[in-house]
Each structure stands twice: as structure tokens, then as C-alpha cells.
Amino acid sequence: MSKDFLVGESWVLTDVTLIIKKSDLDPDVITARLGLKPSAVRPPGPDRWDPRGDTDGQWRLQCDERTTRVFSEQLDAILRAAEGCDRILASMKVEGFDISLAVGGYADNDSQLSFSASEMTRISRLGLPLVLTPNLNER
């Protein structure tokens, strides 16, 4: 796509996160199984910030502006980690784990977030849902 057709600025303060969820998730077991140190974990049960929300346990590997402010570098870091344990992730999906790749960031009405064809191919090969969550609050 030609840059002439793109409108607005890019998302800012992006983050890319590999999220693994399950009702009986044990974060320590996931860490050992993947051989990756998570950025955050939450055992199953009510979330203290949103008690009526999701009660699944969560294991998260995140890359955000503390590592790099360049979206493509954030995405590459998380994709490399996921690709390094792709067979384990595929096995976990069969076992009933909910695994996704989440992208968040601040966006204006006309903002864009570009993925290269090779990035989309890598995501597709992993077979993970891609969840985009733009934050449209004023910053």
C-alpha cells in the first residue's frame, strides 16, 4: 500500500503481549514449560481491580516502551519468543489454553498501525489470534 493512502499518525506507546489464559492455569508450570520468564502472572480467581471480570489465570510476556518505543521491534521480540516455543504453544492450545497475541497503544481517530507482510506471515504461522486494542482516550 502506498504511503499516499495512509491517513493520520501511528499509534504511540504501543505494547505487544503474548497472553496465555486458562481457568486452572498455574503460572509456575507455564514458565517452566515455555522456558520463558513472564512479565506478569495472575493466578485463577477474581481480579482485585475488576472482581466481576475474567477469573482465568493469566501468564503474560510483554514488550513495551520500556524495552523499545518502535512497534516493529516490540512485535519482533514477542514473535521470536513465541516462535522459539511454537510446538509447546500448539500443544497447549490443544489442551484448552486460550493463547493470543495482543497489541495495544494510544491512537487518534485517524491513527494507523502498520504490519509488514512478513510480520503477518509470522503471526499466521503461529496460529494465534491477533487482538488489537487502541486506547482512544485523550493523552
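Residues numbered from 1 in each chain as written. Predicted model: local features only at pLDDT ≥ 70, side-chain atom pairs only at ≥ 80, totals over all residues. Heavy atoms only, no water.

**A word on the pattern of salt bridges**
Working step 1: Within this structure, the stated rule accounts for 6 salt bridges.
Working step 2: A salt bridge links D64 to R66; its shortest N-O distance comes to 2.5 Å.
Working step 3: The salt bridge involving E83 is made with R122; its shortest N-O contact spans 2.8 Å. With E83 in helix α2 (residues 71-84) and R122 in helix α4 (residues 117-126), this residue pair connects regions lying 39 residues apart in the sequence.
Working step 4: Classification of E83 by relative accessible area gives partly exposed; the value is 30%.
Working step 5: One continuous salt-bridge network, built from bridges that share partners, spans D76, R80, E83 and R122. (Salt bridge = Lys/Arg side-chain N within 4 Å of Asp/Glu carboxyl O. Helix = DSSP H or I, 4+ residues; strand = E, 2+ residues; numbered from the N terminus. Buried < 20%, exposed > 50% of the residue type's maximum accessible area, 1.4 Å probe, protein only.)

**Concerning the sheet that holds strand β4 (residues 98-106)**
Working step 1: Spatially, β2-β3-β1-β4-β5 is the arrangement adopted by the 5 strands of the open sheet, whose pairing is mixed. Every interior strand has two partners, whereas the edge strands, β2 (40-42) and β5 (130-135), have only one. Neighbouring strand axes in the sheet, compared pairwise and without regard to direction, differ in orientation by 20° on average.
Working step 2: In this structure, strand β1 (residues 12-22) lies alongside strand β3 (residues 57-63), joined through 7 bridges in antiparallel fashion. (Pairing = 2+ DSSP bridges. Axes fitted to C-alpha atoms, helices over the stretch in contact; angles between N-to-C directions.)

**Focus: α4**
Working step 1: Buried residues of α4: E119, R122, I123 and L126, and no others. For α4, the angular spread of buried residues about the axis comes to 95°, placing them on one side. Projecting away from the buried face of α4 at angles above 90 degrees are the exposed residues A117, S124 and R125.
Working step 2: Packed against the buried residues of α4 are α2, α3 (86-94), β4 and β5.
Working step 3: One or two steps after α4, the chain reaches G127, where phi turns positive at roughly 70°. (Arc of directions from axis to C-beta. Contact = heavy atoms within 4.5 Å.)

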